[in-house]
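What the coordinates show
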Amino acid sequence: MRMTKTLLAGLLMAGTTLAPTLAYTQTASPSISGPTNAGDESGMTNDQLITQTVHEAWIASGRNEDKFFAMVKQLAEFSAQKRNITLPQTQQAGEKAGEWIKKEARKDPNQLLYVVVDRAVRHVTKASGAQTADATK
């Protein structure tokens, strides 16, 4: 399933605005190593990513906004696939997802990043009236 550029732009905004919030501590978290999914820019498998807190994912990204964004993008695609939904293809939906992720991640950097991204996917999909892939057949 492919996300559109507009949704990705909104998610990117979330990643770049989270960076100062997530840098609140200098304590290092062990880096995740191991096999990655082919072509994943994040360098982590879905199984590895879904266990990362917002803060741990930021540390694992090397505090690199592009790598953190790749993690968010990967989780959004995974969430949409698991929920059998098609992500909205509008700039407004992308911005809304980005704002949702930024707001929720700032509330608690120790919550799972996947939970934040999954909620954003559901929130944006519900708000846009998007249907599940099964409903569109």
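See the structure shown above.
Scope of this entry: the structure provided in the associated data block.

Basis of the calculations
- Residues numbered from 1 in each chain as written.
- Predicted model: local features only at pLDDT ≥ 70, side-chain atom pairs only at ≥ 80, totals over all residues.
- Heavy atoms only, no water.
- Helix = DSSP H or I, 4+ residues; strand = E, 2+ residues; numbered from the N terminus.
- Buried < 20%, exposed > 50% of the residue type's maximum accessible area, 1.4 Å probe, protein only.
- Contact = heavy atoms within 4.5 Å.
- Areas by Shrake-Rupley, 256 points an atom, 1.4 Å probe, with all protein chains shown as cover.
- Salt bridge = Lys/Arg side-chain N within 4 Å of Asp/Glu carboxyl O.

Concerning the overall build of the chain
Of regular secondary structure, the chain possesses 6 helices and 0 strands. Shown N-terminal to C-terminal, the secondary structure of the chain runs as helices and strands in the order α-α-α-α-α-α. Within the chain, the fraction of its 137 residues that count as buried is 45%. For the chain, restricting intrachain contacts to residue pairs at least 6 apart in sequence, the fraction spanning at least 24 positions comes to 76%. Accessible surface, the chain: about 7,300 Å² in total, of which carbon and sulfur atoms supply 49%.

Focus on unusual backbone geometry
Phi at R63 is positive, roughly 55°, even though this residue is not glycine. Along the chain, the position of R63 falls in the loop between α3 (54–60) and α4 (65–83). Judged by relative accessible area, R63 falls into the partly exposed class, the value being 31%. You will see that N84, though not glycine, has its phi angle at about 55°, which is positive.

Quick look at the pattern of salt bridges
As enumerated under the stated definition, the model contains 5 salt bridges in all. As a salt-bridge pair, E104 and K107 come within 3.1 Å of each other at their nearest N and O atoms. Taken together, the residues E104 and K107, both in helix α5 (residues 91–107) and 3 residues apart, mark about one turn of the helix. Residue E104 is classed as buried on the basis of its relative accessible area, which comes to 11%. By relative accessible area, which is 57% here, K107 ends up exposed.

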